[in-house]
Amino acid sequence: MRRLFWVGVGVVVTVVVVQRGRKIVAQYAPEAVVDRAERAAQDAGRRAETFVATFRREFSQARSAREAELTAALLAEGQPDPDDVRASGLRPADLRGGPGRARHAASTPDGQPGRYPDAEAEIAADEADLGYSF
């Protein structure tokens, strides 16, 4: 409770000092100096606003260019752009051969645990389709 009291006292003292300080500055400062300071502050604000707008625009352009570079570097020759695939409305299952086609399944077609006999061929075909793998 004692700390809260002293925080309140500090706030009150700060408000009083700021108000009195403004009155003293207004009393003794020539009007031309005050006007010049206001104009300088407004000019600095405009310059900062212009800088931020320019920075955002250039950053967005650079980010888009770098994203395009990375996408092009990851895509294999002849592989469609992911944005084009998304825009076409195809689902991932459509590109993989449909939901009925099991890929790298943990069980055989008859439901028994194990791998498909041709799992290695499926993996090779998938890698050929993708153009890269991890």
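Everything numeric here is computed off the predicted structure, so don't read it as measured data.

Asker: Quick one: what's the story with the pattern of salt bridges, residue by residue and with numbers?
Answerer: Across all of its chains, the model carries two salt bridges by this definition. Residues Asp43 and Arg47 are paired through a salt bridge, measuring 3.3 Å at the closest nitrogen-oxygen approach. On the criterion of helical spacing, the pair formed by Asp43 and Arg47 is a turn pair, its members being four residues apart in helix H2 (residues 31-74). Take Asp43: its relative accessible area is 33%, and that puts it in the partly exposed class.

Asker: Give a description of helix H5 (residues 119-130) that names residues and reports values.
Answerer: Across its 12 residues, H5 extends 16 Å between first and last C-alpha, which sits within 8% of the 16 Å expected from 1.5 Å per residue. Residues Ala119, Glu122 and Asp126 constitute the buried set of H5. Each buried residue of H5 lies within a common arc of 60° when the element is viewed along its axis, so the set occupies one face. Residues Glu120 and Ala128 are exposed on H5 and point more than 90 degrees away from its buried face.

Asker: Which residues make up a nonpolar patch on the surface, and what values do they have?
Answerer: Residues Phe51, Val52, Phe55 and Phe59 make up a contiguous nonpolar surface patch of roughly 440 Å² in combined accessible area. Exposure remark for Val52: the relative accessible area of 44% places this residue in the partly exposed category.

So, how was this worked out
- Residues numbered from 1 in each chain as written.
- Predicted model: local features only at pLDDT ≥ 70, side-chain atom pairs only at ≥ 80, totals over all residues.
- Heavy atoms only, no water.
- Salt bridge = Lys/Arg side-chain N within 4 Å of Asp/Glu carboxyl O.
- Helix = DSSP H or I, 4+ residues; strand = E, 2+ residues; numbered from the N terminus.
- Buried < 20%, exposed > 50% of the residue type's maximum accessible area, 1.4 Å probe, protein only.
- Expected span 1.5 Å × (residues − 1).
- Arc of directions from axis to C-beta.
- Patch = residues over 30% accessible without salt bridge, like charges linked within 9 Å, V, L, I, M, F, W, Y side chains within 5 Å.
- Areas by Shrake-Rupley, 256 points an atom, 1.4 Å probe, with all protein chains shown as cover.

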